[in-house]
Amino acid sequence: MTAAGPPQGGRPPGGAARSAVRGEPSSAAGPPQGALPLGEGRRDARVGGDSVCGLVRVAAAVLLRPDGQVLLAQRPAGKPYAGYWEFPGGKLEAGETPRAALVRELKEELGIDVRRASPWLVQEFVYPHAHVELHFFRVYAWDGVLHGHDGQAFAWQAPGRYTVAPLLPANTRILSALDLPGVYGITCAADSDEDAFLARAARAFADGLRLVQLRDKEWPRARRLAFAQRLVPLAHRHGARVLWNGTADDARAARCDGVHWTAEALGAASARPDGLMVAASCHTRDEVARAGRLALDFAVLGPVAATPSHPDATPIGWEGFSERVAENRLPVYALGGLAVADLDEAIACGAQGVAMRRGAWPA
């Protein structure tokens with residue numbers, strides 16, 4: 001039996017399913033150079049069956065060990081893309097839900113019984129031979145001993161530090177999402193003394209916080225830039241990344257790693273800026289979908305619960321959060337009145353993790 005949950009600063013897993021190339025002719029094929037991610041421009045295929053209007057639906061599993069490593073499988077000889085490494089899973093059968101397919105495939109393919117699995121992302125690709133929709137689940141707990149029924153090789157790998165190759169190139173967006181941690185900290189230095197906040201930030205980084213939004217919009221631009229000169233080097237010394245809440249030009253001026261857009265900026269954007277991570281605040285399902293179409297790195301959605309920073313906002317609750325991120329194309333953090341203790345609930349509802357202001361910075 002294996003059971004795991006993401007650490008506070010750790011990254012929930014994700015990946016690209018090896019089932020993406022199932023169902024094609026049995027003859028060998030070359031590298032999938034023609035694979036195209038479709039983002040939100042997919043056909044509606046939410047009825048049962050492994051293929052609807054030519055769309056092949058697949059359940060894909062990302063198994064996570066306590067140390068954060070994920071399981072990769074190598075496609076055996078004689079199958080298309082033989083030798084490529086990917087994540088286990090398989091096609092949906094007629095009338096089957098993605099979760100039911102996940103449970104069945106892992107039993108048939110790996111001999112394990114799933115105990116805890118959470119929906120994560122949906123991705124779509126057009127390969128030269130197939131149009132595939134991949135439903136990714138993060139699998140944190142299972143019963144049984146892993147063994148491959150198809151005779152393929154397996155390897156546990158640390159996200160971002162893969163030692164096996166080649167990986168399916170069409171999975172770039174999924175593999176990038178693997179580098180995102182479970183907690184997104186939002187600065188609140190304007191609420192207290194700046195030096196005191198930086199001391200708290202140092203403790204947070206030492207404890208594993210790896211992704212931060214520099215917000216503090218109460219301050220004028222000049223003071224925010226001056227604060228960035230202190231916060232960004234501190235974050236970088238611990239391997240953390242900082243996103244500037246505002247414009248891409250200011251993010252570059254502050255030497256931040258990325259930019260975090262407001263919902264209004266997201267609505268006005270026609271493309272993401274080059275050379276930066278890009279995230280956005282969202283309040284509706286349509287805004288989450290737009291962030292996916294623009295291929296942003298992640299989004300933040302809320303408020304899930306009541307929060308002092310937005311007392312007039314109506315909480316959407318976990319049910320509302322789940323509805324807004326169902327079958328989302330990019331990682332989404334849950335925001336609003338949350339703490340680290342809410343991380344498991346957030347992941348169960350389809351979130352990448354939790355975004356926090358006060359709760360991210362230990363006293």
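Look up: the structure comes first, before these words.
Analysis parameters
Here the residue index of a chain counts from 1 through its sequence in written order. Per-residue local features are limited, in this predicted model, to residues with pLDDT of at least 70; the limit for side-chain atom pairs, both in listing and counting, is 80 or more; totals at the level of whole chains, interfaces and linings are taken over all residues. With hydrogens and water set aside, each side-chain value is computed from the structure's full complement of heavy atoms. Aromatic rings from Phe, Tyr and Trp, with only the six-membered ring used for Trp, were paired whenever their centres fell within 6.5 Å, and each pair was classed as stacked if the ring planes differed by under 30 degrees, edge-to-face if by over 60, and tilted otherwise. Here a strand is any run of E in DSSP of at least two residues, a helix any run of H or I of at least four, and the numbering for each starts at the N terminus. Note on exposure labels: buried denotes an accessible area under 20% of the residue type's maximum, exposed denotes more than 50%, and partly exposed covers the range between, all computed with a 1.4 Å probe on protein chains only. Whether a charge sits over a ring depends on NZ of Lys or CZ of Arg being within 6 Å of the ring centre and within 35 degrees of the ring normal. Taken from the helix axis, the directions to the C-beta atoms give the arc we talk about. Residue contacts are defined here by distance: any two heavy atoms, one from each residue, within 4.5 Å place the two residues in contact. Residues grouped as a nonpolar core are buried Ala, Val, Leu, Ile, Met, Phe, Trp, Tyr and Cys residues, joined through side-chain atoms within 4.5 Å. One fewer than the residue count of a helix, multiplied by 1.5 Å, yields its expected span. In short, DSSP must find at least two bridges between two strands for them to pair.

This structure, assessed with the given rule, holds 10 aromatic pairs. With centroids separated by 5.9 Å and ring planes inclined at 80°, the aromatic side chains of Trp-318 and Phe-321 adopt a geometry described as edge-to-face. Remark: Phe-321 and Trp-318 occur in helix 8 (residues 317–325); sequence separation between them is 3 residues, near one turn of the helix. Across the pair, Phe-321 and Trp-318 agree in class, each one buried. Taken together, the ring pairs in this structure connect Phe-197, Phe-205, Trp-219, Phe-227 and Trp-361 into an aromatic cluster. Sitting over the ring of Trp-219, Arg-223 keeps its end group 4.0 Å from the ring centre. Directly above the aromatic system of Trp-244 lies the positively charged group of Arg-224, at a separation of 4.1 Å from the ring centroid.

Turning to helix 7 (residues 285–293), a few remarks are in order. Along helix 7, the positions that sit buried rather than exposed are Val-288, Ala-289, Ala-291 and Gly-292. Projected onto a plane normal to the axis of helix 7, the buried residues spread over an arc of 160° and lie on a single side. Among the exposed residues of helix 7, those oriented more than 90 degrees off its buried face are Asp-286 and Arg-293. Residues of helix 7 that are buried make contact with helix 2 (172–177), helix 6 (263–268), strand 15 (277–282), strand 16 (298–301), helix 8 and strand 17 (332–335). Ala-295, located one to two residues past helix 7, shows a positive phi value of around 60°.

Here the focus is the nonpolar core. Counting 67 residues, the largest nonpolar core has Phe-205, Leu-231, Trp-261, Leu-296, Phe-321 and Trp-361 as the members making the most contacts within it. Ranked by the residues each element gives to this core, the list is headed by helix 4 (residues 221–237), at 7 residues. Apart from the residues lying within four places of it in its own chain, the contact partners of Phe-321 are Leu-301, Val-304, Ile-316, Val-332, Tyr-333, Ala-334, Cys-349, Gly-350 and Ala-351. One finds Ala-60, Phe-125, Ala-130 and Leu-168 within the second-largest nonpolar core, a separate group that totals 16 residues.

Relative to the 18 Å expected for 13 residues at 1.5 Å per residue, helix 1 (residues 98–110) spans 17 Å between its end C-alpha atoms, a close match to the ideal helical length. Taken together, the buried residues of helix 1 touch strand 4 (55–63), strand 5 (70–74), strand 7 (89–91), strand 8 (113–126), strand 9 (131–143) and strand 10 (154–157).

A few words on the pairing of strand 8. When strand 8 meets strand 9, the two strands line up antiparallel, connected through 11 bridges. Bridged to Pro-119 within strand 9 is Phe-137. Between the antiparallel neighbours strand 8 and strand 9 lie 4 residues.

A word on the sheet that holds strand 5. With antiparallel pairing, the 3 strands of this open sheet are ordered in space as 6-5-10. Taken across any chain shown, the strands that pair with only one partner, and hence form the sheet edges, are strand 6 (85–86) and strand 10. In the sheet, strand 5 pairs with strand 10 via 4 bridges, with the strands oriented antiparallel. Along strand 10, the bridge assignment pairs Ala-73 with Phe-154.

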